[in-house]
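Residue-level listing of the chains:
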Amino acid sequence: MMEPTITAQGCDRLKGKRAFVSAAAQGIGRATALRLAAEGADVIASDVNEEKLNELSGPRITLRPMNAADPEAVAAEFDESAGVDILVNCVGWVHHGTILDCGPEDWSRSFALNVDPMFHAIRAALPKMRAAGSGSIVNIASAASSIKGFPNRFAYGASKAAVIGLTKAVAADFIAEGIRCNAICPGTVASPSLNDRINAFDDPAAARSAFIARQPMGRLGTPEEIAACVAYLAADESAFMTGAAIQLDGGATY
């Protein structure tokens, strides 16, 4: 099945809003930064990979090299800024294997990269969102989580399940203050990180076919499709939605 062409419509539904996007150098984060900017937001695009981040450019995009897993760096970033209306947490890392393949370091790293950056960023961004009386937080979780177990995704699925729990807790705690928090749960999305994992297999062609086969739709998702959903959650159009875990996975979990 052919991938659709997803482009921003050039609308200004995010005009006047400030956004912060982590892991913006590649994949979903990059597509999200571009989409939010195309819809009128002023975007701070952050990533630990400064070289890749510098390849991102566009109107209303400011680059901010930063390690999202460093709580002091994150706190300083939000302390020094005027605050954001939109926070998009895209940092993630995939460990391949079962519980028997997952040592303590792999387990700790999965949570340190998949959960901790969201904790740091939300905690840092919330005070100014509360002062403003509004805000939209979007966390990138996964279909491999509390929604469904996938083979060889033990640590990844556990950490992404934590992201869904974190999302729902934040939504419940701050709903009365005009702050919304939602999660997107993608299936397998074509991205540089996926290509790296596929190429690490002994038979990359077979590995790619297996990844595609997990989506009943018969193809991988695209970063632009996820970014389109992020833009909706960032906009006032989704004002009645909070605490949701949206499955955007080509039918993998229907």
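Below or above, wherever it landed, is the structure these notes cover.

Reading the values: rules and limits
- Residues numbered from 1 in each chain as written.
- Predicted model: local features only at pLDDT ≥ 70, side-chain atom pairs only at ≥ 80, totals over all residues.
- Heavy atoms only, no water.
- Helix = DSSP H or I, 4+ residues; strand = E, 2+ residues; numbered from the N terminus.
- Rg over C-alpha atoms; globule rule 2.2 N^0.38 Å.
- Buried < 20%, exposed > 50% of the residue type's maximum accessible area, 1.4 Å probe, protein only.
- Contact = heavy atoms within 4.5 Å.
- Areas by Shrake-Rupley, 256 points an atom, 1.4 Å probe, with all protein chains shown as cover.
- Axes fitted to C-alpha atoms, helices over the stretch in contact; angles between N-to-C directions.
- Parallel < 35°, antiparallel > 145°, perpendicular 65-115°, else oblique.
- Left-handed = near helix turned anticlockwise from the far one by under 90°.
- Nonpolar A, V, L, I, M, F, W, Y, C, P; charged D, E, K, R; others polar.
- Expected span 1.5 Å × (residues − 1).
- Polar contact = N/O pair within 3.5 Å; in protein donor to acceptor, adjacent residues only side chain to side chain.
- Pairing = 2+ DSSP bridges.
- Lys, Arg positive; Asp, Glu negative; His and termini not counted.
- Salt bridge = Lys/Arg side-chain N within 4 Å of Asp/Glu carboxyl O.

Right, let's get into the overall build of the chain. In terms of regular secondary structure, the chain is built from 9 helices and 7 strands. What you see for the chain is a C-alpha radius of gyration of 17 Å, in line with the 18 Å of a compact globule of 254 residues. Reported as C-alpha extents along the three principal axes, the dimensions of the chain are approximately 50 × 40 × 35 Å. Within the chain, the fraction of its 254 residues that count as buried is 48%. Contacts spanning at least 24 positions in sequence make up 69% of the contacts within the chain whose residues lie at least 6 apart. Per element, the accessible surface of the chain, about 11,800 Å² overall, is 54% carbon and sulfur.

This brings us to the packing of helix 5 (residues 116-132) against helix 6 (residues 154-174). Between two packed helices, what matters for the description is the angle formed by their axes and the separation of those axes. The N-to-C vectors of helix 5 and helix 6 enclose an angle of 15 degrees; their axes lie 12 Å apart at closest approach. One way to sum up the angle between helix 5 and helix 6 is to call them roughly parallel. The interaxial crossing formed by helix 5 with helix 6 has right-handed handedness. Touching M118, F119, I122, L126 and R130 of helix 5 are K160, V163, L166, V170 and F174, all from helix 6.

Let us look at the packing of helix 3 (residues 71-80) against helix 5. In contact at an axis separation of 9 Å, helix 3 and helix 5 are set at 20 degrees when each is read in the N-to-C sense. Between helix 3 and helix 5, the angle falls in the class roughly parallel. Two packed elements cross with a definite hand, and for helix 3 against helix 5 that hand is right-handed. Taking contact as the criterion, the partners of P71, V74, A75, F78, D79 and E80 in helix 3 are, on helix 5, H120, A121, A124, A125 and K128. Residue composition of the contact of helix 3 with helix 5, grouped by class: 7 nonpolar, 1 polar and 3 charged.

The end-to-end C-alpha distance of helix 6, which contains 21 residues, comes to 31 Å, matching closely the 30 Å that a straight helix rising 1.5 Å per residue would cover. Regarding helix 6, the residues found buried are A155, Y156, G157, S159, K160, V163, I164, L166, T167, V170, A171 and F174. The secondary structure elements touched by the buried residues of helix 6 are helix 4 (104-114), helix 5, strand 5 (135-140), strand 6 (179-186) and strand 7 (245-248).

Let us now look at the environment of P127. Its location among the elements puts P127 in helix 5. On the basis of relative accessible area, P127 is assigned to the partly exposed category, the value being 48%. Expressed as a C-alpha distance, the spacing of P127 and P65, which sit 62 residues apart in the sequence, is 23 Å.

Turning to the side chain of S22, a few remarks are in order. Tracing the backbone shows S22 in the loop between strand 1 (18-21) and helix 1 (27-38). At 3.0 Å, the side chain of S22 forms a polar contact with the backbone nitrogen of C90. In this view, S22 contacts G29, S46, V88, N89, C90 and V91; residues no more than four positions away in its chain are not counted.

To continue, consider the sheet that holds strand 1. One open sheet holds the 7 strands; their spatial order is 3-2-1-4-5-6-7, and the pairing between them is parallel. Each end of this open sheet is capped by a strand with a single partner; those strands are strand 3 (61-65) and strand 7. Recorded for the sheet is a direction-independent mean angle of 20 degrees between the axes of neighbouring strands. When strand 5 meets strand 6, the two strands line up parallel, connected through 6 bridges. The residue of strand 6 that forms the bridge with G135 is I179. Lying on the sheet, helix 1 is in contact with strand 1, strand 2 (42-47), strand 3, strand 4 (86-89), strand 5 and strand 6; it crosses strand 1 at an angle near 170 degrees.

Another aspect to go through is the side chain of R153. By the secondary structure assignment, R153 is in the loop between strand 5 and helix 6. Despite its burial, R153 remains without a salt bridge, the nearest opposite charge being carried by D101 at 9.3 Å. For R153, the contacting residues outside a window of four places in its chain are V94, H95, H96, G97, A158, R197 and F211.

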